[in-house]
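Examination of the molecular architecture
Given next are the chains, with one letter for each unit.
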Amino acid sequence: MSVRIENIQKELLSKNWFKLHKYTFDLITDNGTPVQQIREVYDRGNGATILLYNRKKGMVVLTNQFRMPTYVNGNPTGMLLEACAGLLDNNSPEECIRREAMEETGYQIDKVQKLFEAYMSPGGVTEVVYFFAAEYDHNQKVTDDVGVEDEVIEVVELRFSEAIAMMADGRIKDGKTIMLLQHAQIQGWFK
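Residues numbered from 1 in each chain as written. Predicted model: local features only at pLDDT ≥ 70, side-chain atom pairs only at ≥ 80, totals over all residues. Heavy atoms only, no water.

1. A look at the pattern of salt bridges
A pair can form between side chains of opposite charge whenever their charged atoms are brought close. Per the stated rule, a full pass over the model turns up 14 salt bridges. One salt bridge connects Lys141 with Asp144, and the closest N-O pair in it is separated by 3.8 Å. Looking at Lys141, the relative accessible area reads 26%, which means it is partly exposed. Accessibility expressed as a relative area gives 67% for Asp144, which makes it exposed. A salt bridge links Asp169 to Arg171, with the nearest nitrogen and oxygen atoms 2.9 Å apart. With relative accessibility at 47%, the residue Asp169 sits in the partly exposed group. One network of salt bridges, with partners in common, ties together Arg67, Glu82, Asp174 and Lys176. (Salt bridge = Lys/Arg side-chain N within 4 Å of Asp/Glu carboxyl O. Buried < 20%, exposed > 50% of the residue type's maximum accessible area, 1.4 Å probe, protein only.)

2. What about the domain arrangement of the protein?
Examined at the domain level, the protein breaks down into domain 1 (4-43) and domain 2 (47-187). Using C-alpha coordinates to define each centre, domain 1 is positioned 32 Å away from domain 2. Counting residues at the interface gives five residues for domain 1, matched by four residues for domain 2. Contact between domain 1 and domain 2 buries roughly 360 Å² in total, counting both sides, with carbon and sulfur atoms accounting for 59%. Considering only the side of domain 1, the residues that lose the most area to domain 2 are Phe18, Val41 and Tyr42, jointly responsible for 67% of the buried surface there. Viewed at the interface, domain 2 and domain 1 are joined by zero salt bridges. At the surface where domain 1 touches domain 2, the tally comes to three residue pairs in polar contact (both at pLDDT 80 or more). Classifying every residue of the side of domain 1 that touches domain 2 by side-chain character gives three nonpolar, no polar and two charged. (Domains from an automatic or database assignment. Contact = heavy atoms within 4.5 Å. Buried area = accessible area lost by both parts, 1.4 Å probe. Polar contact = N/O pair within 3.5 Å; in protein donor to acceptor, adjacent residues only side chain to side chain. Nonpolar A, V, L, I, M, F, W, Y, C, P; charged D, E, K, R; others polar.)

3. Here we look at the UniProt feature "binding site: Mg(2+) 1" (unreviewed entry) in the protein
UniProt marks Ala85 with the feature "binding site: Mg(2+) 1" (unreviewed entry), using the numbering shown here. With respect to the secondary-structure elements, Ala85 resides in strand 7 (residues 84-87). By relative accessible area, Ala85 is classed as buried at 15%. Leave out the neighbours within four places in its chain, and Ala85 touches Ala48, Thr49, Ile97, Glu100, Glu104 and Lys176. (UniProt positions renumbered as here; feature names shortened; annotations may be inferred. Helix = DSSP H or I, 4+ residues; strand = E, 2+ residues; numbered from the N terminus.)

4. Brief notes about the pairing of strand 9 (residues 128-135)
In terms of burial, strand 9 is largely enclosed, as seven of its eight residues are buried. Pairing between strand 4 (residues 47-54) and strand 9: seven bridges, direction parallel. In the strand pairing of strand 9, Thr49 is matched with Phe131. Here strand 8 (residues 113-119) runs beside strand 9; their pairing, made up of six bridges, is antiparallel. (Pairing = 2+ DSSP bridges.)

5. Comments concerning the environment of Leu181
Structurally, Leu181 is set in helix 4 (residues 175-187). Taking relative accessible area as the criterion, Leu181 reaches 0% and is therefore assigned buried. Along the sequence, Leu181 and Phe160 sit 21 residues apart, while their C-alpha atoms lie 8.1 Å from each other.

6. Observations concerning the packing of aromatic side chains
Summed over all chains, the structure comprises eight aromatic pairs. For the ring pair Phe18 and Tyr42, a centre distance of 6.2 Å and an interplane angle of 80° mean the geometry is edge-to-face. With Phe18 in the loop between strand 1 (4-14) and strand 2 (19-28) and Tyr42 in strand 3 (residues 34-43), this pair connects stretches of sequence that are 24 residues apart. Assessed through its relative accessible area of 17%, Phe18 is described here as buried. Arranged with centres 6.1 Å apart and planes meeting at 75°, the rings of Tyr53 and Phe190 form a pair that is edge-to-face. (Phe/Tyr/Trp six-rings, centres within 6.5 Å; stacked < 30°, edge-to-face > 60°.)

Shown next, in the form of structure tokens:
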């Protein structure tokens, strides 16, 4: 199936933190019939995330952060256990994730492995997230002072088996973190 888009009209609805646009357009079907559609699209930029793991110890490093959207949607504390992540901010995905690992976990990571990239919410958000993994050890921990600006971050080191259990019972609900943990499980990083 192929589609063609015509008559695109774009209206800025908000530019408070990022940009929210309303698009009105004609989607031309295979038989040539135009179907008018209206979509709101949130452009927050692209991001990167990383799973820090230690095979020898069977551990992973995650962060616990307050996330207002989860609070609004029923998370009573608003805290979310998740893999380190951040927006690219005009950096390459690899530069971004090295910076974020330092800012959010205090670990200075040398070698990172790109795993894949994915649209996380393509029905309304433009963001592509680049997924990475890196092995860590404790001599790479250079600071306990984590978070920038108004971030409140707790660094959490836990057994990989516990992280998998937390994913299964709903204590880990962050999509990118679930994807990274499942990738590690499928790849057999922890036996």
